[in-house]
Amino acid sequence: MLKIAIVAAIVILLAPMASSSFAQEYKTFPGVGKDAGDGTTTFDVQYASVKDIVSASVSVKDKSVDFVLAGKTDTNSTLILKLPKGLINGFIGVFVDGQIVTNYTTTDETGDTLVSIPITPLTENISIVGTSVVPEFGPVAAIVLAIAITSIVAVTRLRPIHL
């Protein structure tokens, strides 16, 4: 009985340390995508890193999301990004300071893609290229287009064109 009590006491004392060492603390960078498309579709990107993301931009032309990192560290580490699938989809490549890297991992989660990228103390720029990024036209543009098409069809049916 004494052995069980000792083991239980050890587990109770060590449990908070184990959960805090394995738990991932995510920070949030808001408003990614406001510089692309119609500017109304934005996403909050969660990330975990010893460095901070100080800016993010989306290039519809290059189909990429670019992050600028800042902060001091003395060791190599990993940047973990939770990228919403509406922001970028279909990963093609990851660039670290302009150089393509292949030693990154991606994991699909519900609505997000988790990307783990090894970084060095000197890393400043991360660029992720995909098959698609923030839609160029948001939902308002789609509604306007649908109303315009419906109006044209209605007008031509009510008043046929005579040549």
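Above this text is the structure in question.
Right, let's walk through the structure included here.

**Structural notes on the packing of aromatic side chains**
In step 1: Considering all chains together, one arrives at zero aromatic pairs under this definition.
In step 2: Between the NZ or CZ atom of Lys82 and the centre of the ring of Tyr26, over which it lies, the distance is 5.2 Å.

**Let's talk about the pattern of salt bridges**
Pairing between side chains becomes possible if they bear opposite charge and their charged atoms approach one another.
In step 1: By the definition in use, this model includes four salt bridges.
In step 2: Note that Asp62 and Lys61 form a salt bridge whose closest N and O atoms lie 4.0 Å from each other.
In step 3: Judged by relative accessible area, which is 76%, Lys61 ranks as exposed.
In step 4: The shortest N-O distance in the salt bridge between Lys85 and Asp108 comes to 3.9 Å. Remark: Asp108 occurs in strand S8 (residues 105-109) and Lys85 occurs in the loop between strand S5 (77-84) and strand S6 (88-96); sequence separation between them is 23 residues.

**A closer look at unusual backbone geometry**
In step 1: Positive phi is not limited to glycine here, since Lys63 has a value of about 55°.
In step 2: Considering the arrangement of structural elements, one finds Lys63 in the loop between strand S3 (52-59) and strand S4 (64-70).
In step 3: For Lys63, a relative accessible area of 38% corresponds to the partly exposed category.
In step 4: One non-glycine residue with positive phi stands out, namely Asp97, at about 50°.
In step 5: Within the secondary structure, Asp97 sits in the loop between S6 and strand S7 (99-101).

**Some words on the sheet that holds strand S10 (residues 125-133)**
In step 1: If you walk across this open sheet you meet the five strands as S3-S4-S10-S6-S7, and the pairing is antiparallel. Across the chains shown, the open sheet's two edge strands, defined by having one partner strand only, are S3 and S7. Across this sheet, the average inter-strand angle for adjacent strands is 30°, counted without regard to direction.
In step 2: Pairing geometry for S4 and S10, over five bridges, is antiparallel. Opposite Phe67, over in S10, you have Ile126 as the bridge partner.

**Concerning the side chain of Lys51**
In step 1: Tracing the backbone through its elements, the reader meets Lys51 in the loop between strand S2 (43-48) and S3.
In step 2: No salt bridge forms around the buried Lys51; measuring N to O, its nearest opposite-charge neighbour Glu124 is 6.4 Å away.
In step 3: Reaching out from Lys51, the side chain makes a polar contact with the backbone oxygen of Pro121 at a distance of 2.9 Å.
In step 4: Setting aside chain neighbours within four positions, we find Lys51 in contact with Lys27, Leu69, Ala70, Gly71, Thr73, Ile119, Thr120, Pro121, Leu122 and Thr123.

Quick notes on the rules
- Residues numbered from 1 in each chain as written.
- Predicted model: local features only at pLDDT ≥ 70, side-chain atom pairs only at ≥ 80, totals over all residues.
- Heavy atoms only, no water.
- Phe/Tyr/Trp six-rings, centres within 6.5 Å; stacked < 30°, edge-to-face > 60°.
- Lys NZ or Arg CZ within 6 Å of the ring centre and 35° of its normal.
- Salt bridge = Lys/Arg side-chain N within 4 Å of Asp/Glu carboxyl O.
- Buried < 20%, exposed > 50% of the residue type's maximum accessible area, 1.4 Å probe, protein only.
- Helix = DSSP H or I, 4+ residues; strand = E, 2+ residues; numbered from the N terminus.
- Pairing = 2+ DSSP bridges.
- Axes fitted to C-alpha atoms, helices over the stretch in contact; angles between N-to-C directions.
- Lys, Arg positive; Asp, Glu negative; His and termini not counted.
- Polar contact = N/O pair within 3.5 Å; in protein donor to acceptor, adjacent residues only side chain to side chain.
- Contact = heavy atoms within 4.5 Å.

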